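Understanding the architecture of this molecule
Residues per chain, in single letters:
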Amino acid sequence: MNPEKLTRYDKAYLKIAKEWGSLSYCERRKVGAIIVKDRMIISDGYNGTPSGFDNCCEDENGVTRWDVLHAEANAILKVAGSTQSCQGATLYITLSPCKDCSKLIHQSGIKRVVYLKGYRDDSGLAFLAKAGVEVIHIPELED
């Protein structure tokens, strides 16, 4: 695919990830993720509590609870419970991955990560680059 067309697709999938993130019950930050393989969405996720738990993501002090799953972890776990595989896929995410999620991304076989905003700690991005995962930052989306 030519670079111009790829960028158009990247922006479109990021818009979907952003919309998906709006479904999150978290108040501090809503993060969405989409996993695409062979131009087909194979999974999606947003940050939130595990299944069966209260949908409140923050504690009484407004701090994110320890049991909240990140959007990319939810998307990867969804693939793990299906017949699909992340091998060679692209992850589109509204916030760059933390260091823990970057390990999941690499281990799952995702080869490309496209993100909208940078997380406060960029060690996850450094790990992905070291692991040979292509990382692309698209800071703006035109409406």
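Residues numbered from 1 in each chain as written. Predicted model: local features only at pLDDT ≥ 70, side-chain atom pairs only at ≥ 80, totals over all residues. Heavy atoms only, no water.

**Quick notes on the overall build of the protein chain**
The helix and strand tally for the protein chain stands at four helices and five strands. For the protein chain, the sequential pattern of α-helices and β-strands runs α-β-β-α-β-α-β-α-β. Against the 2.2 N^0.38 benchmark of 15 Å for 143 residues, the protein chain shows a C-alpha radius of gyration of 14 Å, consistent with a compact globule. Dimensions of the protein chain along its principal axes, counting C-alpha atoms only, are 50 × 35 × 25 Å. With the model as given, the accessible surface of the protein chain reaches about 8,400 Å², and the carbon-plus-sulfur share is 51%. Put simply, the protein chain has 19 plus and 19 minus side-chain charges, and the middle of one group is 5 Å from the middle of the other. (Helix = DSSP H or I, 4+ residues; strand = E, 2+ residues; numbered from the N terminus. Rg over C-alpha atoms; globule rule 2.2 N^0.38 Å. Areas by Shrake-Rupley, 256 points an atom, 1.4 Å probe, with all protein chains shown as cover. Lys, Arg positive; Asp, Glu negative; His and termini not counted. Charge placed at Lys NZ, Arg CZ, Asp CG, Glu CD.)

**Things to note about the side chain of Ser96**
Along the chain, Ser96 turns up in the loop between strand E3 (90–95) and helix H3 (99–108). Accessibility expressed as a relative area gives 4% for Ser96, which makes it buried. For Ser96, the residues in contact, after removing those within four places along its chain, are Tyr115, Lys117, Gly118, Tyr119 and Leu125. (Buried < 20%, exposed > 50% of the residue type's maximum accessible area, 1.4 Å probe, protein only. Contact = heavy atoms within 4.5 Å.)

**Considering the environment of Gly62**
Relative to the elements of secondary structure, Gly62 occurs in the loop between strand E2 (40–46) and helix H2 (71–80). Through-space distance from the C-alpha of Gly62 to that of Thr7 is 37 Å; in sequence the pair is 55 residues apart.

**Considerations on the side chain of Thr94**
Tracing the backbone shows Thr94 in strand E3. On the basis of relative accessible area, Thr94 is assigned to the buried category, the value being 9%. If sequence neighbours within four positions are ignored, Thr94 has contacts with Ala17, Lys18, Lys30, Val31, Gly32, Leu116 and Lys117.

**Quick look at the packing of H2 against H3**
Put simply, H2 and H3 touch, their axes get as near as 9 Å, and they point 30° apart. The angle between H2 and H3 falls in the class roughly parallel. Crossing hand, H2 versus H3: left-handed. Between H2 and H3, the contacting residues are Glu72, Ala73 and Ile76 on the first element and Cys101, Leu104, Ile105 and Ser108 on the second. Across the contact of H2 with H3, the residue classes tally to five nonpolar, one polar and one charged. (Axes fitted to C-alpha atoms, helices over the stretch in contact; angles between N-to-C directions. Parallel < 35°, antiparallel > 145°, perpendicular 65-115°, else oblique. Left-handed = near helix turned anticlockwise from the far one by under 90°. Nonpolar A, V, L, I, M, F, W, Y, C, P; charged D, E, K, R; others polar.)

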